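# Architecture at a glance
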Amino acid sequence: MSNSIDTTALHAGYVPGNGDPRQVPIWQSTTWKYATSDDMGKLFDLEASGYFYTRLQNPTNDFVAAKLCAMEGGFAGMLTSSGQAANFFAIFNICEAGDHFIASSSIYGGTYNLFGVTMKKMGIECTFVDQELPLEELQKFIKPNTKCVFGETITNPTVNILDIEKFAKLAHDNGIPLIVDNTFATPVNCRPIEFGCDIVTHSTTKYIDGHASSVGGAIIDSGNFDWMANKEKFPGLTTPDESYHGLTYATKFGKAAYITKATAQLMRDFGCIQSPQNAYYIQLGLESLPVRMARHCSNAQKVAEFLASDDRIAWVNYPGLETDKNHALAQKYCPKGTCGVLCFGVKGGREASIRFMDSLKLATIATHVADSKTLLLHPASHTHRQLTDEQLAEAGIPADLIRFSVGLEDPDDIINDIKQALDKIG
Ligand code: PLP
């Protein structure tokens with residue numbers, strides 16, 4: 001296979017044989033038939049590979065996961081029903097009650113709540129850290145029961161860039177893996193594994209699907225983390241699993257241990273499987289992802305430059321701007337561009353930002369982000385509505401922040417829409 005992401009996006013994963021369908025077929029079947037009871041029994045014992053029930057595995061899902069895995073430069077991958085499920089599985093495959101992990105505080109609000117509230121109820125504690133702290137300061141948050149470190153390549157909604165190498169060092173100095181949510185950058189613009197990340201997650205709902213058609217998630221394992229080197233930290237992977245007749249994932253499956261456990265154990269028990277139909281849409285999205293990401297980035301660059309030049313705009317964050325505090329990190333981790341998402345505030349504060357949003361005609365107000373159409377959201381009124389201005393400041397989200405997700409329209413049309421809305425608010 002070519003090293004080019006453009007070619008990999010089109011050809012990796014599914015390779016049809018003579019007379020096979022050219023496009024990945026949708027295996028719309030819950031189950032598979034076998035000739036003997038013994039054939040089926042071996043599948044249940046993980047002694048033979050094969051499909052038997054779609055909650056565990058489905059060929060359409062596996063071909064699509066294999067493509068995304070190749071694009072990320074990983075060893076093994078799986079799809080999940082949503083990005084939330086992917087991040088939950090990624091952590092819960094390592095941590096159990098009594099364990100602790102570290103996450104950047106600059107992450108998607110839904111993930112923040114999952115880690116800080118819901119997983120806490122399961123007995124797993126998360127410490128949220130300022131990702132800009134130096135390594136020595138971050139080290140102070142590590143405890144004897146810390147099992148992994150988590151961050152987003154490009155943070156939602158503040159579009160800051162994670163220093164992946166710093167976080168990988170923090171994790172590896174302490175014998176634990178780094179998990180990175182690569183949703184906004186996509187493997188087209190950043191491959192976190194090349195910078196030392198061990199496990200990559202995605203909300204495929206965003207750029208990968210790209211057309212607001214299907215919710216989904218994915219986990220890609222680099223296969224690089226040595227679970228046995230610190231075996232006492234990861235009993236779920238390094239000691240026998242009673243629900244699989246005493247099988248030990250790390251010794252039996254080697255580099256495939258993490259994804260095998262997540263599939264055979266977590267997917268079996270929680271059932272957050274992607275539907276083959278949605279996997280097919282994700283497959284279509286992956287094929288054109290490199291072309292779309294380039295256009296998202298060039299459009300966003302033009303919009304960011306316009307916003308930075310207009311004196312009715314209070315501030316703008318876009319790592320592609322040379323003046324942006326994340327520009328150097330963006331050049332290191334995302335040299336081809338970051339993504340289409342940027343954020344800014346309109347002079348006049350929260351009220352002016354809201355009036356501006358309501359005056360737009362082309363760009364639409366939506367919860368979604370990272371889509372073919374230009375979308376925007378005001379976190380203080382929507383996703384973070386329950387927080388006071390002080391609490392918003394603590395979360396690093398100014399009350400006037402507009403999250404603006406630049407789509408694939410003609411950039412002049414997007415900029416003209418912004419101009420007419422700014423004219424209306426005076
Ligand atoms: N990770 C990031 C960075 C996100 O932006 C989102 C959703 O916006 C998620 C995870 C959750 O994904 P999903 O909505 O597919 O469950």
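Up top is the structure.
Attention here is on the structure that accompanies the text. (Residues numbered from 1 in each chain as written. Predicted model: local features only at pLDDT ≥ 70, side-chain atom pairs only at ≥ 80, totals over all residues. Heavy atoms only, no water.)

## Notes on the overall build of the protein chain
Note the threshold: Per the convention used, a helix needs a DSSP run of H or I reaching at least four residues, while a strand needs a run of E reaching at least two, with both numbered from the N terminus. It is over C-alpha atoms that the radius of gyration is taken, and the globule rule equals 2.2 Å times the number of residues to the power 0.38. Residue burial is assigned from relative accessible area. The probe radius is 1.4 Å, only protein chains are included, and a residue is buried under 20% of its type maximum, exposed over 50%, and partly exposed in between. Residue contacts are defined here by distance: any two heavy atoms, one from each residue, within 4.5 Å place the two residues in contact. The Shrake-Rupley method, run with a 1.4 Å probe, gives the accessible areas here. Residue values count only the displayed protein chains as cover. In this tally, Lys and Arg are treated as positive and Asp and Glu as negative; His is ignored, and so are the chain termini. By convention, charge coordinates are those of NZ in Lys, CZ in Arg, CG in Asp, or CD in Glu.
Looking only at helices and strands, one finds 16 helices and twelve strands in the protein chain. For a compact globule of 426 residues, the expected C-alpha radius of gyration is about 22 Å, and the protein chain comes in at 22 Å, within 12% of that figure. Here the C-alpha coordinates of the protein chain stretch approximately 75 × 55 × 35 Å along the principal axes. For the protein chain, buried positions account for 54% of its 426 residues. Looking at the protein chain alone, contacts between residues at least 24 apart form 73% of all its contacts between residues at least 6 apart. As displayed, the protein chain offers around 17300 Å² of accessible surface, 53% of which is attributable to carbon and sulfur atoms. Positive and negative side-chain charges in the protein chain, numbering 36 and 48 respectively, have mean positions lying 2 Å apart.

## Focus on the nonpolar core
The condition that has to hold: Nonpolar core, defined: a set of buried Ala, Val, Leu, Ile, Met, Phe, Trp, Tyr and Cys residues in which side-chain atoms within 4.5 Å join the residues together. Here the limits of each domain have been adopted from an automatic or database domain assignment.
Ranked by internal contacts, the top residues of the largest apolar core, which has 94 residues, are Ile-91, Phe-101, Phe-115, Ile-164, Leu-178 and Trp-227. When residues in this core are grouped by element, the largest group, seven residues, is from helix α11 (residues 257-270). Domain assignment of the residues forming this core places at least three in each of domain 1 (12-277) and domain 2 (289-425). Counting 28 residues, the second-largest nonpolar core is a separate cluster that includes Phe-306, Leu-307, Phe-356 and Leu-376.

## Concerning the sheet that holds strand β8 (residues 313-317)
Using the following cut-off: Strand pairing is assigned whenever DSSP identifies at least 2 bridges connecting the two strands. Axis lines are fitted through C-alpha atoms, for helices just across the contact stretch, and the angle between N-to-C directions can take any value from 0 to 180 degrees.
Pairing in this open sheet of five strands is mixed, and the strands run β8-β9-β12-β11-β10 from one edge to the other. The two strands at the open ends of the sheet, each matched to only one other strand, are β8 and β10 (364-365). Contacts from helix α12 (residues 276-309) reach β8, β9 (341-346) and β12 (402-405), with the element oriented near 15° to β9.

## Description of the packing of helix α4 (residues 83-92) against α11
Inclusion rule: In a left-handed crossing the near helix is turned counterclockwise from the far helix by less than a right angle, and in a right-handed crossing that turn is clockwise. Each residue gets one label: Ala, Val, Leu, Ile, Met, Phe, Trp, Tyr, Cys and Pro are nonpolar, Asp, Glu, Lys and Arg are charged, and the others, such as Gly, are polar.
The N-to-C vectors of α4 and α11 enclose an angle of 115°; their axes lie 10 Å apart at closest approach. As for the relative orientation of α4 and α11, their crossing is right-handed in sense. Contacts between α4 and α11 pair Phe-88, Phe-89, Ala-90 and Phe-92 from the former with Tyr-258, Lys-261, Ala-262, Leu-266, Met-267 and Phe-270 from the latter. Looking at side-chain class alone, the contact of α4 with α11 contains nine nonpolar, no polar and one charged residues.

## As for the pairing of β9
Of all six residues making up β9, six are buried, and the element is well covered by its neighbours. The two faces of β9 match: Val-341, Cys-343 and Gly-345 on one face and Leu-342, Phe-344 and Val-346 on the other face are all buried. Pairing of β8 with β9 involves four bridges; the strand directions are antiparallel. Note that in β9 the partner of Asn-317 across the bridge is Cys-343. Taken together, the four bridges between β9 and β12 define a ladder with antiparallel strand orientation. Bridge pairing in β12 places Leu-342 opposite Phe-404.

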